[in-house]
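# Fold and contact review
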Amino acid sequence: MATRVAMGNNKGGVGKTTVTVRVAEALAVLGKRVLVMDLDPQGNSSGRLGVVGDLGARTVSEAIKENRRGAVADSIWPCGWDAEYASRISVCPSTLDLEDRMSEAGVIGAYRRLAIALDGADDGYDFTLFDCPPSLFHLTQLALAAGPNAVAVTEPEYYSIEGALRFRAFVEAQGTNLSNPELHLIGVIVAGYDVRKPAHVGQLETLPETFGPLLWEPVIPVRTAIQDADESQLPLVAQKSEGGREARAWFGQLAERLIKATS
Amino acid sequence: MSGGGKSPRATRRRPTPQAPAPSRTQILVGDQIAAAASSAAALVPGARQAQVVDPAGVTGTPAEQLRFYEAAIDAAAENHRNSMAAAKARVTVEIGMALQEIRSRDLYKVTHATFESYVEQRFQLSRQRAYQILEAAPVMFALTKIFDTPLAESHGRILAPVMEQHGIEAAKAVVAKAQEAGKVTGASLRDARKAAGFAPEPSPRAASSNPRSSVFERLQLAQERLTRVSAAVTRTAVHDANAEHPAHARRLVLDLTDDLVSIANALGLTVSRNGSPLGDDPTLDA
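Structural notes, computed from the coordinates. Residue positions are given per chain, counting from 1 as you read along its sequence in written order. Numbering of ligands from 1 and lettering of chains from A proceed in the order in which they are written. pLDDT decides what is reported in this predicted model: residues at 70 or higher carry local features, side-chain atom pairs at 80 or more are listed and counted, and totals for whole chains, interfaces and linings draw on all residues regardless. Water and hydrogen atoms play no part in the side-chain values, which are based on all heavy atoms of the structure.

## Looking at the overall build of chain B
Short version of the rule: Helix and strand labels come from DSSP, where a helix needs a run of H or I of at least four residues and a strand needs a run of E of at least two; each type is numbered from the N terminus. Exposure is judged per residue with a 1.4 Å probe applied to protein chains only, and the accessible area is read against the type maximum: over 50% gives exposed, under 20% gives buried, and values in between give partly exposed. Only heavy atoms matter for contacts: two residues are in contact if any of them lie within 4.5 Å across the pair. Each accessible area is a Shrake-Rupley estimate made with a 1.4 Å probe; only the visible protein chains count as cover when residues are assessed.
Each helix and strand counted, chain B has 11 helices and 0 strands in total. The buried share of chain B, reckoned over its 286 residues, is 23%. When contacts within chain B are restricted to residue pairs at least 6 apart in sequence, those whose partners lie at least 24 apart make up 51%. Element-wise, carbon and sulfur atoms account for 56% of the exposed surface of chain B, whose accessible area totals about 19800 Å².

## A word on the side chain of Arg22(A)
Residue and element names in this part refer to chain A. Applied cut-off: Here a polar contact is taken to be a pair of N or O atoms separated by no more than 3.5 Å, where protein atoms must pair a possible hydrogen donor with a possible acceptor and residues adjacent in sequence count only if both atoms sit in side chains.
In this structure, arginine 22 sits in helix α1 (residues 16-29). A distance of 3.5 Å separates a polar side-chain atom of arginine 22 from the backbone oxygen of alanine 229. A distance of 3.2 Å separates a polar side-chain atom of arginine 22 from the backbone oxygen of leucine 234.

## Details of empty space enclosed by the protein
Residue and element names in this part refer to chain B. As a reminder of what qualifies: The way it works is a 1 Å grid over only the protein atoms, where trapped points that fit a 1.4 Å probe form a cavity and open points with protein on both sides within 12 Å along at least five of seven lines form a pocket, and then any residue with an atom within 4 Å of a point lines it. Grid points are joined across faces, edges and corners, and a volume is the space filled by probe spheres set on the points. Residue polarity is assigned by list, with Asp, Glu, Lys and Arg as charged and Ala, Val, Leu, Ile, Met, Phe, Trp, Tyr, Cys and Pro as nonpolar; anything else, Gly included, falls into the polar class.
All told, the structure shown has 1 cavity of 30 Å³ or more when counted by the stated rule. Met140, Leu143, Thr144, Phe147, Thr149, Pro150 and Leu151 are the residues that line the largest cavity. Across the lining of the largest cavity, the residue classes tally to 5 nonpolar, 2 polar and no charged.

## Quick word on the interface of chain A and chain B
Applied cut-off: Accessible area that two parts lose when put together, with a 1.4 Å probe and added across both, is what the buried area reports. Salt bridge, as used here: a side-chain nitrogen of Lys or Arg that lies within 4 Å of a carboxyl oxygen of Asp or Glu.
The interface of chain A with chain B comprises 40 residues on the first partner and 26 residues on the second. Both sides of the chain A and chain B interface together cover about 2800 Å² of buried area, and 66% of this is carbon and sulfur. Connecting chain A to chain B are 0 salt bridges. One can count 3 residue pairs in polar contact (both at pLDDT 80 or more) joining chain A with chain B. Counting only elements with at least two residues in the side of chain A that touches chain B, the list comes to α6 (158-174) and α7 (198-211) of chain A. By residue class, the composition of the side of chain A that touches chain B is 24 nonpolar, 9 polar and 7 charged.

## Examining the sheet that holds strand β2 (residues 34-38) of chain A
Residues and elements named next belong to chain A. Our working rule: DSSP bridges decide pairing: two strands pair if at least two such bridges lie between them. In this analysis, axes come from line fits to C-alpha atoms, helices being fitted only over the stretch in contact, and the angle between any two N-to-C directions falls in the range 0 to 180 degrees.
Spatial ordering of the open sheet is given by β3-β4-β2-β5-β1-β6-β7, a layout of 7 strands whose pairing is mixed. Two strands lie at the open edges of the sheet, namely β3 (77-78) and β7 (184-190), each paired on one side alone. Direction of pairing for strand β1 (residues 3-8) relative to strand β6 (residues 149-154): parallel, over a ladder of 4 bridges. Paired with glycine 8 across the two strands is alanine 152, which belongs to β6. Contacting β1, β2, β4 (89-92), β5 (127-131), β6 and β7, α1 crosses the sheet at an angle of about 165° to β5.

## Brief notes about the layout of surface pockets
All names here are of chain B. In this structure, the second largest pocket spans a volume of roughly 580 Å³. Considering each element in turn, the lining of the second largest pocket owes the most residues, 8 residues, to helix α2 (residues 62-104). Its residues assigned to classes, the lining of the second largest pocket comprises 9 nonpolar, 5 polar and 5 charged.

## Overview of α2(B)
Structurally, the α-helix is built with 3.6 residues per turn, so residues lying three or four positions apart point the same way. All names here are of chain B. What counts, and what does not: In a helix, the anticipated span is given by 1.5 Å times the number of residues less one.
Helix length check: α2 (43 residues) gives 62 Å between terminal C-alpha atoms against 63 Å at 1.5 Å per residue, within 8%. Here α2 has its buried residues at Ser83, Ala87, Ala89, Thr92, Val93, Gly96, Leu99 and Ile102. At the C-terminal side of α2, aspartate 106 shows a positive phi close to 60°.

## Observations regarding the packing of helix α4 (residues 127-144) of chain B against helix α5 (residues 153-166) of chain B
How two helices sit against one another is set out by the angle between their axes and by the gap between those axes. All names here are of chain B. Rules: Angles below 35 degrees are treated as roughly parallel, those above 145 as roughly antiparallel, those between 65 and 115 as roughly perpendicular, and all remaining angles as oblique.
Running from amino to carboxyl end, α4 crosses α5 at an angle of 75°, the nearest separation of the two axes being 7 Å. The pairing of α4 with α5 is recorded here as roughly perpendicular in orientation. The segment α4 lies against α5, with Arg129, Gln132, Ile133, Glu135, Ala136, Pro138, Val139, Met140, Ala142 and Leu143 engaging Glu153, Gly156, Arg157, Leu159, Ala160 and Met163. Grouping the constituent residues of the contact of α4 with α5 by class yields 10 nonpolar, 2 polar and 4 charged.

## Considering the packing of aromatic side chains
Residue and element names in this part refer to chain B. The condition that has to hold: Any two of the Phe, Tyr and Trp rings considered here, Trp counted by its six-membered ring, make a pair once their centres fall within 6.5 Å; the pair's planes then place it as stacked at under 30 degrees, edge-to-face at over 60, or tilted in between. Two thresholds decide whether a charge sits over a ring: the Lys NZ or Arg CZ must be within 6 Å of the ring centre and within 35 degrees of the ring normal.
Evaluated as defined, the whole model comprises 4 aromatic pairs over all chains. A centroid spacing of 5.7 Å and a plane angle of 85° characterise the contact between tyrosine 118 and phenylalanine 123, whose relative ring orientation is edge-to-face. In this structure an aromatic cluster arises from ring pairing among Tyr108, Phe115 and Tyr131. One residue, arginine 103, lies across the ring of phenylalanine 115, its end atom 5.9 Å from the ring centre.

## Describing the nonpolar core
All names here are of chain A. Which entries qualify depends on this criterion: Side-chain atoms within 4.5 Å link the members of a nonpolar core, which is a set of buried Ala, Val, Leu, Ile, Met, Phe, Trp, Tyr and Cys residues.
Counting 51 residues, the largest nonpolar core has Met37, Val72, Leu114, Phe130, Leu144 and Phe211 as its most contacted members. Elements that contribute at least two residues to this core include exactly β2, α3 (60-66), α4 (113-118), α5 (138-144), β6, α6, β7 and α7. Among the elements that make up this core, the one with the highest residue count is α6 (6 residues). Residues in contact with leucine 144, not counting those within four places in the same chain, are Ala6, Ala150, Phe167, Phe170, Val171, Leu178, Asn180 and Leu183.

What follows is the structure, given as structure tokens:
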């Protein structure tokens, strides 16, 4: 089984998808095989990893619905990037159909369906990263029931930090209810830091006190190269600017931090 | 600390978010969602099967049509009463049976010294209310399997001594007799119980008409209550309460102290330590 890590925050727009995709990329650069599970019905991480077009019935939604051991294997797509290391990245994509899985939340044992569907399907990977939706309900619970590690992603902004704190409290309190008593938060990643915003500067100063040793470095600042890579559905290696090189270095450090935290 | 390598410019302090406090309204997790969905479905029987009168089928004089629609409203109201009665009965049975196990297995001792303090602090149930539920739940649970109509909690308490002393068949016979007499009410159940010869013995307290024995009885009851108070008011409990909510804890201790001083005065005792009033216990200022 791969090392499974759920990336979450109760708030949206805090950089969960960007961090998930770029850490997956950095892990692949380091030679790791990575499976990205897109659990956000918006499907943004699927698109940013180049998995676009008609996905038919091969999405994470069908894998969960099937409720069969290893069902995820039938919904795995190769990363669509044109980069050497991209061959080490795979994607279990999502579409809006994933919203339908919410209706199953009221079924006994439904929160375990993703863990069951992943059983054996991610044995060939070093890491499985879950890009969680901005919620603590069923879809996020599916991810948290599937693996022992969670990472909170946040901007240095009041409501983002509040969302990260809610995510941390949820992770720390609900492992047993999710039949996953080993569930714990292994780190907090700060992204989207804008030095021009006084609020960001002020909140950034408080983060070490708020999260203590869980706070990972480096903080990821806002960079055009990252936004361009996201919007053009390309890897960071395609960004030849200084910003692109900086971003690759920062995410590389976060990937190494993740490896260290889970080894 | 930023990967950008730039030092922060002038900062403006904003509030720091705090970790969420434990709340009674937690998000549902795992199978709790399924349990809630199941409970909701049970609580609103037939919500999706609402029977709306087809206007095409309502004919006749205006008075006849009016009676038809009024009958529909009466039926809906009756359905509502039955549903609410069923929901209330279910709550009593589920809570009562769980409380019975918690008490009989001494599970409340995990967090509290006495069962009474446990139900009061954990569920905001008074001692009296907890014992009412405990008394009614077993007979309601047993008879639920026999009668379609849910038993009200007050009816359960009338039948509890019958089942306890004579068994479930006797309780069942009392209900059946009340049904023969018409609608099952508290009065009809008491009449049926009496007719069947299962009326409970008058309690010693009610039987006593001697005012002197009544005084001793009250003192004895007070002593029994004080024993429970003594078990609940431990130094650890006071410290824990003080740590959780100092102002509330201090007020409770002052009230307790007043009660103790009042009792001590009546008994001719001195309750102060080293001449200082108990209300000035320095441990509460921590």
